[in-house]
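Chain by chain, the residues:
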Amino acid sequence: MRAFFNGLVLGIIIGALAYWYFQRKAQEHPQAEQRFQQSAAQTGSNAVAAAHTATDALRAKLDTLDLHTDEIRDELDHTGEVIRHKAHDIGAEAVNAASDARAVTEVKAKYAMDPDLSVWKISVSCSQGHVTLSGTVSAPEDIGKAVALALEADGVRDVTSTIQVKPST
């Protein structure tokens with residue numbers, strides 16, 4: 001116990017000295033501090049602009065593919081599926097098992113990067129460029145997002161979704 005206390009005190013002293021040293025160095029070079037602040041502000045504004053651009057692009061894609069909440073609900077009520085095709089079909093191209101595996105991997109990677117979609121709750125399969133999605137999401141909008149992201153993958157001809165909405169508990 002005594003060794004722990006001694007180590008704790010020594011760590012606090014070293015931390016305080018390091019803080020003092022870096023504060024003193026920062027005061028010696030105010031231009032560097034100012035450049036750092038400007039750079040941090042610019043990086044923050046660039047990140048915000050990129051986020052807005054990405055959001056606008058996804059909204060436009062959802063509009064183009066008619067993947068709005070009302071359309072998704074209507075399709076699920078009538079057919080139990082949501083099906084969308086790419087604007088240009090790559091039907092003439094030979095699609096093999098390797099490209100199907102790449103498509104599945106790419107779709108799952110897109111889901112992993114999206115905070116609203118779960119790789120673990122959405123199953124993705126692909127056969128000759130035809131992707132099938134199944135599983136659950138917490139909101140109808142997430143079905144639209146899942147379909148749109150799947151259509152972005154290389155080698156995907158069309159997407160059929162049987163994803164169901166199960167609100168998070």
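For every chain, the first residue of its written sequence is number 1, and the numbers climb from 1 along that sequence. Note on the predicted model: pLDDT of at least 70 is required for a residue's local features to be given, and 80 or more for side-chain atom pairs to be given and counted; whole-chain, interface and lining totals, by contrast, use all residues. Hydrogens and water are ignored here; the side-chain numbers use all heavy atoms of the structure.

1. Some thoughts on the overall build of the protein
- Think of it this way: any DSSP run of H or I at least four residues long counts as a helix, any run of E at least two long counts as a strand, and we number them from the N terminus. Check the secondary structure of the protein and you find five helices and five strands.
- Scanning the protein from its N terminus toward the C terminus, one meets helices and strands in the order α-α-α-β-α-β-β-α-β-β.
- The C-alpha radius of gyration of the protein comes to 25 Å, more than 25% above the 15 Å expected for a compact globule of 169 residues.
- With respect to the three principal axes, the spread of C-alpha positions in the protein is 70 × 45 × 35 Å.
- Here a residue-residue contact requires only that any non-hydrogen atoms of the pair lie within 4.5 Å. In the protein, 67% of the contacts between residues at least 6 apart in sequence involve partners at least 24 apart.
- All accessible-area figures derive from a Shrake-Rupley calculation using a 1.4 Å probe, and residue coverage is judged against the displayed protein chains alone. For the protein, the accessible area works out to roughly 11300 Å², and carbon and sulfur atoms hold 59% of it.
- We treat Lys and Arg as the positive residues and Asp and Glu as the negative residues; His and chain ends play no part in the count. The location of each charge is read from NZ of Lys, CZ of Arg, CG of Asp or CD of Glu. Each charge class in the protein was averaged separately, 16 positive and 22 negative side chains, and the resulting centres sit 13 Å apart. The reference for a compact globule is 2.2 Å times residues^0.38; the radius of gyration itself is calculated from the C-alpha atoms.

2. Digging into a nonpolar patch on the surface
- To count toward a patch, a residue needs a relative accessible area over 30% and no salt bridge; like charges are then connected within 9 Å, while nonpolar side chains (Val, Leu, Ile, Met, Phe, Trp, Tyr) are connected within 5 Å. What makes a salt bridge here is a side-chain nitrogen of Lys or Arg within 4 Å of a carboxyl oxygen of Asp or Glu, nothing more. A cluster of nonpolar side chains, contributed by F5, V9, I13, L17, W20, Y21 and F22, occupies part of the molecular surface with about 750 Å² of accessible area.
- Inspection of the secondary structure assignment puts L17 in helix α1 (residues 2-28).

3. Let's talk about helix α5 (residues 140-152)
- For a helix, the expected span equals 1.5 Å multiplied by the residue count minus one. For α5, spanning 13 residues, the distance from its first C-alpha to its last is 19 Å, which sits close to the expected 18 Å at 1.5 Å a residue.
- Any residue under 20% of the maximum accessible area for its type is buried, any over 50% is exposed, and the rest in between are partly exposed; the area is computed with a 1.4 Å probe on protein chains only. Here α5 has its buried residues at P140, D142, I143, G144, K145, A146, V147, A148, L149, A150 and L151.

4. Examining the environment of I163
- Structurally, I163 can be placed in the loop between β4 (158-161) and β5 (164-165).
- By relative accessible area, I163 is classed as buried at 0%.
- Separated by 42 residues in the primary sequence, I163 and K121 have C-alpha atoms spaced 9.4 Å apart.
- Once you skip the residues sitting within four places of it in the chain, I163 turns out to touch L76, I122, L133, S134, G135, T136, V137, I143 and A146.

5. Let's talk about the pattern of salt bridges
- One pass over the full model with this rule turns up three salt bridges.
- Between E152 and K110 there is a salt bridge, with its nearest N and O atoms 3.2 Å apart. Here the residue E152 occupies a position in helix α5, and K110 occupies one in helix α4 (residues 97-113), the gap between them amounting to 42 residues.
- Looking at K110, the relative accessible area reads 22%, which means it is partly exposed.
- Residue D116 is joined to K145 by a salt bridge in which the shortest nitrogen-to-oxygen separation is 2.6 Å. Of this pair, D116 sits in the loop between α4 and β2 (122-127) while K145 sits in helix α5, and the two are 29 residues apart along the sequence.
- Residue D116 is classed as partly exposed on the basis of its relative accessible area of 43%.

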